[in-house]
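# A look at the structure
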Amino acid sequence: MRFGWRAICGPALTAATALLALLLDRFLPVPSPAPLFVCIVAFAGSLSGLASGLVSAAIAVIGAALFFLDHRGVSGYVTGDLVRLGLLALTAAGTAGITGLMRQRLLDAFALERRHYATAARLSAALDQVDIGIVLLDSETRAEFINRAFRDYFSLPDEKADSRPPFIALMYHGRDTGAFELPEDELSAFIAQRMEMVRIGDATPININLANGEVLRFSCTALPDGGRMLSYTPVTDLVRHTDETSRADYYRALRDPAGRKLMRYLRVAE
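Residues numbered from 1 in each chain as written. Predicted model: local features only at pLDDT ≥ 70, side-chain atom pairs only at ≥ 80, totals over all residues. Heavy atoms only, no water.

### Let's talk about helix α7 (residues 167-176)
Applied cut-off: Buried residues are those whose accessible area, probed at 1.4 Å on protein chains only, stays under 20% of the maximum for their type, while exposed residues exceed 50% and partly exposed ones sit between those limits. Each helix is a run of DSSP H or I of at least 4 residues and each strand a run of E of at least 2, with the numbering of both proceeding from the N terminus. Summarising the geometry, the arc corresponds to the directions from the helix axis toward the C-beta atoms. The contact rule is simple, with two residues in contact once any of their heavy atoms fall within 4.5 Å.
Taken residue by residue, α7 has F167, L170, M171, H173 and G174 as its buried positions. Burial along α7 is one-sided: seen end-on, the buried residues are contained in an arc of 155°. Of the surrounding secondary structure, the elements contacted by the buried residues of α7 are β1 (133-137), β2 (143-146), α5 (148-153), α6 (158-161), α8 (184-200) and β5 (228-234). One or two positions beyond α7, positive phi appears at G178, with a value near 70°.

### A few points about unusual backbone geometry
Look at T141: it is not a glycine, yet its phi comes out positive at around 60°. Turning to its location among the elements, T141 is positioned in the loop between β1 and β2. Taking the relative accessible area as the measure of exposure, T141 reaches 25% and is therefore partly exposed. The phi dihedral of R164 falls on the positive side, at around 55°, and the residue is not glycine. For R164, the location among the structural elements is in the loop between α6 and α7.

### Quick word on the pattern of salt bridges
Which entries qualify depends on this criterion: Salt bridges, as used here, are contacts in which a Lys or Arg side-chain nitrogen is within 4 Å of a carboxyl oxygen on Asp or Glu.
What the rule picks out here adds up to 6 salt bridges. D176 is the salt-bridge partner of R175, the closest N and O atoms lying 3.0 Å from each other. Judged by relative accessible area, R175 falls into the partly exposed class, the value being 35%. A relative accessible area of 57% means that D176 is categorised as exposed. Linked through salt bridges whose partners overlap, the residues forming this network are R148, R151, D158 and D162.

### Let's talk about the nonpolar core
Defined as follows: Only buried Ala, Val, Leu, Ile, Met, Phe, Trp, Tyr and Cys residues count toward a nonpolar core, and they belong to the same one when joined by side-chain atoms within 4.5 Å.
Counting 28 residues, the largest nonpolar core has V135, F154, F218, L230 and Y232 as its most contacted members. For this core, the elements supplying multiple residues, two or more each, are β1, β2, α5, α7, α8, β3 (206-209), β4 (215-222) and β5. Among the elements that make up this core, the one with the highest residue count is α8 (5 residues). Dropping the residues within four chain positions of it, F154 is found in contact with H173, T177, A179, F180, L210, L216 and Y232. If you look at the next biggest cluster of nonpolar residues, it comprises 13 residues, including V38, A60, A64 and A65.

### Re a nonpolar patch on the surface
Rule in force here: Each patch is built from residues that are more than 30% exposed by relative accessible area and take part in no salt bridge. Like charges join if they lie within 9 Å; nonpolar side chains (Val, Leu, Ile, Met, Phe, Trp, Tyr) join within 5 Å. The accessible surface values rely on the Shrake-Rupley method and a 1.4 Å probe; as for residues, cover is taken only from the protein chains in view.
Taken together, the side chains of L20, L23, L24, F27 and L28 present a nonpolar region at the surface, about 520 Å² in accessible area. By the secondary structure assignment, L20 is in helix α1 (residues 5-25).

As structure tokens, this is what we get:
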């Protein structure tokens, strides 16, 4: 047991209660402090753990024994006093054990949750550093996580990304911002096809052409909990350079986040 204000608070409060009951009993009738002792033991166990609770229980039994020894001017113990002492000992020890173990289980659960949160935070930070767009959907196709690359590809504001939008809302956002390199009359069918792929967990990869010249390879992975992981891998270099060899440098320049390669290409083209 670590010594600190939490550890000594329960035993000190139990001892103070016992002394106060003994003092007051000399001047006026005082009811048995056993119920109050049990409450203090529960408080000690929940505040500092099993050890503090057991120490408080021992002090409570000793205090009750002294209280019954000279209660109401009758010296010694009667059968009823011994029975009450035994019940108090069992109740106080049980209370200390239950509250102490419950406290330990709660602390372990909190520690495990903190570790999971720290791992999730590190994973989130790592996924924000890759150039692959990642979207995690729950079983109702609401976005639980959207990494930085996806937000940049589709000009998705952080406020909207952090509001757990459904996947259909992400598709409509791409349509409304003109992100897709598709005629308007084909957008509805395209969105319906993407929604169906996500719904059934179709893992067939497809290429998505963006209006800015980039190409993303879309893939849907079904997760054990019913959710989906969507990945948008940039494949502009692998796809666009086969379209027109003379413009391969231009398509590769589109993947430069700072735009330096694109500026050099445009200067050379001029």
